[in-house]
Each structure stands twice: as C-alpha cells, then as structure tokens.
Amino acid sequence: MEFKEYVNSLPNQRTDVISQLSILCRVSSTTVYRWLHGDFIPDALKRKVIADYLQMPEKELWPNV
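Residues numbered from 1 in each chain as written. Predicted model: local features only at pLDDT ≥ 70, side-chain atom pairs only at ≥ 80, totals over all residues. Heavy atoms only, no water.

A. Representation of the layout of surface pockets within the structure. Of the volumes computed, that of the largest pocket is approximately 200 Å³. Of all the secondary structure elements, the ones that give two or more residues to the lining of the largest pocket are helix 1 (3-8) and helix 3 (29-37). When grouped by side-chain class, the residues that make up the lining of the largest pocket number ten nonpolar, three polar and two charged. (1 Å grid on protein atoms, 1.4 Å probe; cavity = no way out; pocket = protein on both sides within 12 Å on 5 of 7 lines; lining within 4 Å. Points joined across faces, edges and corners; volume = space filled by probe spheres on them. Helix = DSSP H or I, 4+ residues; strand = E, 2+ residues; numbered from the N terminus. Nonpolar A, V, L, I, M, F, W, Y, C, P; charged D, E, K, R; others polar.)

Given below as structure tokens:
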C-alpha cells in the first residue's frame, strides 16, 4: 500500500499521523500534505524515517522511487 493510500486509510488517526510525521521529519504539516497529494516526494532520509514510523517497507510506500 502506497504512502498516500496508507495514511488515507486511517480516518480517525490521519491528523495525528500527519502531525507526528511533520515533527519527526522536521517539516511543516503543509509539506506532509503535499507529499500525500503527490506534489512532492520526500528525500531519502525522510522516506526512511516515515517508513520506520509507519513500520512499513519504504519500497512499498514509494514503489516508483
């Protein structure tokens, strides 16, 4: 399941996850929303942090990178 699909599948926790990811990656919530919309792709280090936090393989979250 890709990053966007996974986060959107968490209706009750979506806002909390986005907030936590912005803190962990040291970016604004707006940036996380841009990642979710596909406007931008996080850099390699941030992808690793996100994958570790979500406990999912990075290649599954971003298969085209």
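Alright, that's what it looks like, and here's the rest.
B. Structural detail: the nonpolar core. One finds F3, I50, L54 and L61 to be the most contacted residues of the largest nonpolar core, which totals 16 residues. Of all the secondary structure elements, the ones that give two or more residues to this core are helix 1, helix 2 (14-25), helix 3 and helix 4 (44-54). Sorting elements by how many residues they give to this core places helix 2 first, with four residues. When neighbours within four sequence positions are excluded, I50 is seen to be in contact with F3, L21, C25, W35, P42, L61 and W62. (Core = buried A, V, L, I, M, F, W, Y, C linked by side-chain atoms within 4.5 Å. Buried < 20%, exposed > 50% of the residue type's maximum accessible area, 1.4 Å probe, protein only. Contact = heavy atoms within 4.5 Å.)

C. Region of the structure containing the packing of helix 2 against helix 4. Axis separation between helix 2 and helix 4 bottoms out at 10 Å; the angle between their running directions is 135°. By the angle class used here, helix 2 and helix 4 are oblique. Along this stretch, helix 2 crosses helix 4, giving a crossing that reads as right-handed. Together, V17, Q20, L21, L24 and C25 of helix 2 and K46, V49, I50, Y53 and L54 of helix 4 make up the contact between the two elements. Here the residues of the contact of helix 2 with helix 4 sort into eight nonpolar, one polar and one charged. (Axes fitted to C-alpha atoms, helices over the stretch in contact; angles between N-to-C directions. Parallel < 35°, antiparallel > 145°, perpendicular 65-115°, else oblique. Left-handed = near helix turned anticlockwise from the far one by under 90°.)

Limitation: the analysis is restricted to geometry and does not speak to function.
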